[in-house]
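So the chains spell out like this:
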Amino acid sequence: MTVASHRIDTNTLRRGACPSITAPMQTGDGLLVRLRPVSAALSAQDLLALADIARRHGNGLIEITARGNIQLRGLIDASVPRLAADLAAAGIETRTGVAIEIPPLSGVDPSEIADATPIADALRNAIAAAALTLAPKLAIVVDGGGVLSLSDMVADIRLDAIETNEGALWRLAIGGDRETARSVALLPSDAVVDGTMAVVSALAAAGPATRGRDLDVPTLSANLSEGDNGQEAISWFKSGPRHPVGKHHIGSRLVLGVAPAYGQVHADRLAALVQSLSACGAMEFRLATHRTLLVCGLSEEGLSAAQGAAEREGFWCTDKAPGRSVSICAGAAGCASASFDTHAAADAVVAHAAGLLDGSVDIHISGCPKGCAHPARAAVTLCGTADGVGLVLNGKASDPALATVPADGFVPAIQRLGALLRNRRAESETAKSLLDRTAPDTIVSAYQGHQ
Ligand code: SF4
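So, here is what we can say about the structure in this document. Keep in mind the model is a prediction, meaning the values are calculated, not measured.

### What to know about the nonpolar core
Logical step 1: Among the nonpolar cores identified, the biggest contains 45 residues, and Ile62, Leu72, Phe285 and Leu298 are the most heavily contacted of them.
Logical step 2: No other element matches helix 1 (residues 44-57), which puts 7 residues into this core.
Logical step 3: The residues touching Phe285, leaving out its near neighbours within four places in the chain, are Ala40, Ala41, Leu42, Ser43, Ala44, Leu47, Val274, Leu277, Leu293, Leu294 and Val295.
Logical step 4: Among the nonpolar cores identified, the runner-up in size contains 38 residues, and Ala321, Leu417, Leu420 and Leu434 belong to it.

Structure representation (structure tokens):
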């Protein structure tokens, strides 16, 4: 791999840009770098090298994002070039440029309609050659279908493979997931790159802040199609994707999806997991959406040992894990600004207030008011401060807390909150509905123990 210039672009040390090796993002716990390896299939050695790099150059915490990227945290300016050099030395090449996502098992899933890989590669080359200025967070999905398709991933531009009697066609659409994106055209494989580039050029021409949702579909369709803008295509789609966490049969392959609890794992535990899984027969690893690591090469006999190893190292093996809607930052385990252990706090919420965790609301647990893990508002935020752990409803970590309890009173506060919600919940009621109809004062009283 050729290592590009490692001069850090300080103009991009902010939220809103995509953090990369050349443009890391400043967060409360140091610089954050987001990586996407070029190779979809990673070896055990690759993951062990990534763990080693995270430990030596950052604070050791590794995150797998909702889109299946790796994030390393806690870097400083001087460690970024060393990280890039060590990645190159380990033979791990990383993607640059516009994010083009394909399903994690593209090219190896016999149930897919078409292999998205060659189209994504051709598109990547065409965009690089055009040297256009595009929105920093522009996202393109090329989805050939299959068991772990990306139909639920929102993108500025989507290409979805559609099976027809004449072979696979590609539905070009903008601004949404597979169901919500607006159809622009239905294209054969040999026209799909040119067609997509017409949309990319329209985005660039409209200015660097323009996103797919901002474009005019009739104008694009008129320029691209001969009467068929793919509106009928939606009814041809197969059912939605399976959640990647859990056990899958992909043709003759057994694939196990595991997810680090709350999306993050320490390098030591990732390394221990990789060694255990290799001993169980794992041959290959792939990053996937929903913060998932896919483990390939296991036999049915090795599966339960692999699941046991994953659980021991703090990974979830089921998409029903109650903490999946909880976002946590590094907390006291990796950040000097944190006033409490966010991971232990999340475990307390899982243990005592599971009623909050049906997935209908976001829960954010933040070590301090900077709110690195969840910059947007969350239904419930529990935020560490000098005075204890504050409770914010429908807000951000930086918003004023409605109530604060001392750190050593946090677990009893969560137990009281959990009991309140259990007592008030109607049959089959979601956490969202329950929170919406419960007065904030009632929630605050329970949290503070003033009931
Ligand atoms: S404690 Fe958490 S929110 Fe605060 S700076 Fe550290 S990582 Fe960010």
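### Regarding the sheet that holds strand 1 (residues 25-27)
Logical step 1: Read across the sheet, 5 strands follow the order 1-2-4-3-12 without closing on themselves; strand pairing throughout is antiparallel. Each having just a single partner strand, strand 1 and strand 12 (264-266) make up the two edges of the open sheet. Sheet twist, expressed as the average angle between the axes of neighbouring strands with direction ignored, equals 30 degrees.
Logical step 2: Pairing between strand 3 (residues 61-64) and strand 12: 3 bridges, direction antiparallel. Counterpart to Leu61 in the pairing with strand 12 is His266.

### Points about the packing of helix 6 (residues 267-279) against helix 7 (residues 300-312)
Logical step 1: Interhelical geometry of helix 6 versus helix 7 gives an angle of 170 degrees and a closest axis separation of 9 Å. Taken together, the axes of helix 6 and helix 7 are roughly antiparallel relative to one another. Of the residues in helix 7, those touching helix 6 at Arg269, Leu273, Ser276 and Leu277 are Ala306, Ala309, Ala310 and Arg312.
Logical step 2: A per-class count over the contact of helix 6 with helix 7 returns 5 nonpolar, 1 polar and 2 charged.

### A word on the site of the ligand
Logical step 1: As a structural note, the neighbourhood of the ligand is formed by Gly28, Asp29, Cys329, Cys335, Ser337, Ala338, Ser366, Gly367, Cys368, Lys370, Gly371 and Cys372.
Logical step 2: Of the residues contributing to the shell around the ligand, the split by class is 5 nonpolar, 5 polar and 2 charged.

### Describing the environment of Pro188
Logical step 1: With respect to the secondary-structure elements, Pro188 resides in strand 9 (residues 182-188).
Logical step 2: Overall, Pro188 belongs to the partly exposed group, its relative accessible area being 36%.
Logical step 3: For the pair Pro188 and Pro440, spaced 252 residues apart in sequence, the C-alpha separation works out to 55 Å.

### Regarding helix 8 (residues 342-352)
Logical step 1: Residues of helix 8 that are buried: Thr342, Ala345, Ala346, Ala348 and Val349. The buried residues of helix 8 all sit within an arc of 155 degrees when viewed along its axis, so they share a single face.
Logical step 2: Contact partners of the buried residues in helix 8: strand 16 (326-328), strand 17 (363-366), strand 18 (378-385) and helix 9 (410-424).
Logical step 3: Its side-chain oxygen placed 3.1 Å from the backbone nitrogen of His343, Asp341 serves as the N-cap of helix 8.

### So, the sheet that holds strand 5 (residues 99-101)
Logical step 1: Across the sheet, which stays open at both edges, the 5 strands sit in the order 5-6-7-8-9 with mixed pairing between neighbours. Lying at the two open borders of the sheet, with one neighbouring strand each, are strand 5 and strand 9. On average, each strand axis in the sheet is inclined to that of its neighbour by 20 degrees, with strand direction left out of account.
Logical step 2: Two strands pair when backbone bridges link them, and strand 5 and strand 6 (residues 139-143) are joined in this way by 3 bridges, in the parallel orientation. Residue pairing for strand 6: Glu101 is matched across the bridge by Val141.
Logical step 3: Sitting on the sheet, helix 3 (residues 117-130) touches strand 5, strand 6, strand 7 (155-164) and strand 8 (167-176), and the angle it makes with strand 6 is about 150 degrees.
Logical step 4: Lying over the sheet, helix 4 (residues 189-205) contacts strand 6, strand 7, strand 8 and strand 9, oriented at roughly 145 degrees with respect to strand 9.

### A few points about the environment of Leu61
Logical step 1: Relative to the elements of secondary structure, Leu61 occurs in strand 3.
Logical step 2: We classify Leu61 as buried; its relative accessible area is 6%.
Logical step 3: Remark: the alpha-carbon pair of Leu61 and Ala267, spanning 206 residues in sequence, is separated by 6.1 Å.
Logical step 4: Residues in contact with Leu61, not counting those within four places in the same chain, are Gln71, Leu72, Arg73, Gln264, Val265, His266 and Ala330.

Conventions adopted
Residues numbered from 1 in each chain as written. Predicted model: local features only at pLDDT ≥ 70, side-chain atom pairs only at ≥ 80, totals over all residues. Heavy atoms only, no water. Core = buried A, V, L, I, M, F, W, Y, C linked by side-chain atoms within 4.5 Å. Buried < 20%, exposed > 50% of the residue type's maximum accessible area, 1.4 Å probe, protein only. Helix = DSSP H or I, 4+ residues; strand = E, 2+ residues; numbered from the N terminus. Contact = heavy atoms within 4.5 Å. Pairing = 2+ DSSP bridges. Axes fitted to C-alpha atoms, helices over the stretch in contact; angles between N-to-C directions. Parallel < 35°, antiparallel > 145°, perpendicular 65-115°, else oblique. Nonpolar A, V, L, I, M, F, W, Y, C, P; charged D, E, K, R; others polar. Near = heavy atom within 4 Å. Arc of directions from axis to C-beta. Polar contact = N/O pair within 3.5 Å; in protein donor to acceptor, adjacent residues only side chain to side chain.

Any functional reading would require information beyond the geometric quantities listed.
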